[in-house]
Amino acid sequence: MARGGIGINELSKVKFWQLVASEGVGTMFIVILNNLLVSRHDGNSVLLNVSITTGLLYTLLLYMFGNHGYFNPAITLSLYVFQRVPLFRMLFYSLSQVIGAVAGQALARLVVLPGEGYSVMGNCATIPAEGIPNYTIFFIEMVGVMLVSAAISSRCKSYIIGVAVTLATFFTFPVSMASLNPARAFAMYAVSVVIPSYSWAYIAAPFVGALLGRFLMLSAELLVPEQDHIATPGHQRLLSDSE
């Protein structure tokens, strides 16, 4: 896999389309699971249930499908901006993630959880806590995605990235219900056919957080000579770093 560039030559490869499909399928699973967790909670256990289960699912999906686009257009874009994935791979991964998220949200509404009140303000929506301003939502979502992006940029293995997702979800859920993914937010608005005033924060914050997280970790890496890098059991080479 080439670093950066256009990557148009990959369009003729079966492996490329398998990876594109895996991004959509993985994102769909994440959206469906989060709908199930949020709609079937008792009010007391939802925070731990959502945080731990989301982290475990993310770990499982990364183990099954590999660390390519990370089921999140914001993470995928950060990999492209810092020349780790080609342009066409970034575009098709992101498109697949959005389609998978919309499919997952539609399935959750029509098949998995029919009659659950699927307006954007319904029980399964990622909406801010009462009285929380939009700029706070933006900041919280940005920091959450920054944590995950930093773990990915540090070449952590799937289970460490899963821990980062768990922590990000745990700390952002009480405030923003832990969307942490612009594809998931877009899917919610598309299926509900409603665009609330805070939608910009859920869409924009993950992109800013992903870019900042990757920039900060790559900058820190440059400050440490390569011979001083410490290899630990939780680290691996990114597949997107491969030649």
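Bear in mind the structure is a predicted one, so any value in this text is a computation, not a measurement. (Residues numbered from 1 in each chain as written. Predicted model: local features only at pLDDT ≥ 70, side-chain atom pairs only at ≥ 80, totals over all residues. Heavy atoms only, no water.)

Colleague: Quick question: what am I supposed to make of the packing of helix α1 (residues 14-39) against helix α2 (residues 46-65) here?
Modeller: When two helices pack together, you describe them by how their axes are tilted relative to each other and by the distance separating the axes. Running from N to C, α1 and α2 point in directions that differ by 165°, and their axes come no closer than 10 Å. By the angle between their directions, the pair α1 and α2 is classed as roughly antiparallel. Viewed along their axes, α1 and α2 form a crossing whose handedness is right-handed. Where α1 abuts α2, its residues Ser22, Val25, Gly26, Phe29, Ile30, Leu33, Asn34, Leu37 and Val38 lie against Val46, Asn49, Val50, Thr53, Thr54, Leu57, Tyr58, Leu61 and Phe65. (Axes fitted to C-alpha atoms, helices over the stretch in contact; angles between N-to-C directions. Helix = DSSP H or I, 4+ residues; strand = E, 2+ residues; numbered from the N terminus. Parallel < 35°, antiparallel > 145°, perpendicular 65-115°, else oblique. Left-handed = near helix turned anticlockwise from the far one by under 90°. Contact = heavy atoms within 4.5 Å.)

Colleague: Just to check I follow, could you spell out helix α5 (residues 134-153) for this structure?
Modeller: Since the α-helix advances by 3.6 residues per turn, residues separated by three or four positions end up pointing in the same direction. An ideal rise of 1.5 Å per residue puts 28 Å on 20 residues; α5 measures up with 28 Å between its terminal C-alpha atoms. Of the residues trailing α5, Arg155 is marked for its positive phi of about 60°. (Expected span 1.5 Å × (residues − 1).)

Colleague: How should the nonpolar core be read in this particular structure?
Modeller: Side chains of a nonpolar character, in soluble globular proteins, are inclined to be buried together. Counting 44 residues, the largest nonpolar core has Tyr58, Tyr70, Ile161 and Phe173 as its most contacted members. For this core, the elements supplying multiple residues, two or more each, are α1, α2, α3 (73-81), α5, α6 (158-176), α7 (182-192) and α8 (199-223). When sequence neighbours within four positions are dropped, the list of residues in contact with Tyr58 reads Ile30, Tyr70, Phe71, Ile161 and Val165. (Core = buried A, V, L, I, M, F, W, Y, C linked by side-chain atoms within 4.5 Å. Buried < 20%, exposed > 50% of the residue type's maximum accessible area, 1.4 Å probe, protein only.)

Colleague: Before we go on, may I ask you to explain the packing of aromatic side chains in this structure?
Modeller: Geometry of an aromatic ring pair is reported as the spacing of the ring centres plus the angle between the planes. For the coordinates displayed, the defined rule picks out 10 aromatic pairs. Where Tyr58 meets Phe71, the ring centres are 5.9 Å apart and the plane angle is 85°; that geometry is what we call edge-to-face. A residue pair is termed long-range when its members are at least 10 positions apart, and Tyr58 in helix α2 and Phe71 in the loop between α2 and α3 qualify at 13 residues. The exposure class of Tyr58 is buried, given its relative accessible area of 8%. Here the aromatic rings of Tyr198 and Tyr202 are separated by 5.7 Å at their centres, their planes lie at 70°, and the arrangement is edge-to-face. Classification of Tyr198 as buried rests on a relative accessible area of 8%. Residue classification places Tyr202 among the buried positions, given a relative accessible area of 0%. Aromatic ring contacts, followed pair by pair, group Phe16, Trp17, Phe88 and Phe92 into a single cluster. (Phe/Tyr/Trp six-rings, centres within 6.5 Å; stacked < 30°, edge-to-face > 60°.)

Colleague: Even after reading the chapter, I still don't get empty space enclosed by the protein, so can you show me in this structure?
Modeller: The gaps left among the atoms become clear once a water-sized probe is rolled over them. Under the counting rule described, the total for this entry stands at three cavities of 30 Å³ or more. Within this model, the largest cavity holds a volume of roughly 200 Å³. Along the walls of the largest cavity sit 16 residues, with Tyr58, Asn72, Val165, Ser179 and Leu180 positioned nearest its centre. For the lining of the largest cavity, the elements supplying multiple residues, two or more each, are α1, α2, α5 and α6. Considering only residue class, the lining of the largest cavity consists of nine nonpolar, six polar and one charged. (1 Å grid on protein atoms, 1.4 Å probe; cavity = no way out; pocket = protein on both sides within 12 Å on 5 of 7 lines; lining within 4 Å. Points joined across faces, edges and corners; volume = space filled by probe spheres on them. Nonpolar A, V, L, I, M, F, W, Y, C, P; charged D, E, K, R; others polar.)

Colleague: Explain unusual backbone geometry here, please?
Modeller: Note: most residues except glycine have negative phi, and most peptide bonds are trans. Located in the positive-phi region is Leu180, a residue other than glycine, with phi close to 60°. Mapped onto the secondary structure, Leu180 falls in the loop between α6 and α7. Overall, Leu180 belongs to the buried group, its relative accessible area being 10%. If you check the backbone angles, Val193 has positive phi at about 55° while not being a glycine. Secondary-structure assignment places Val193 in the loop between α7 and α8.

Don't take any of this as a statement about function, it's just geometry.
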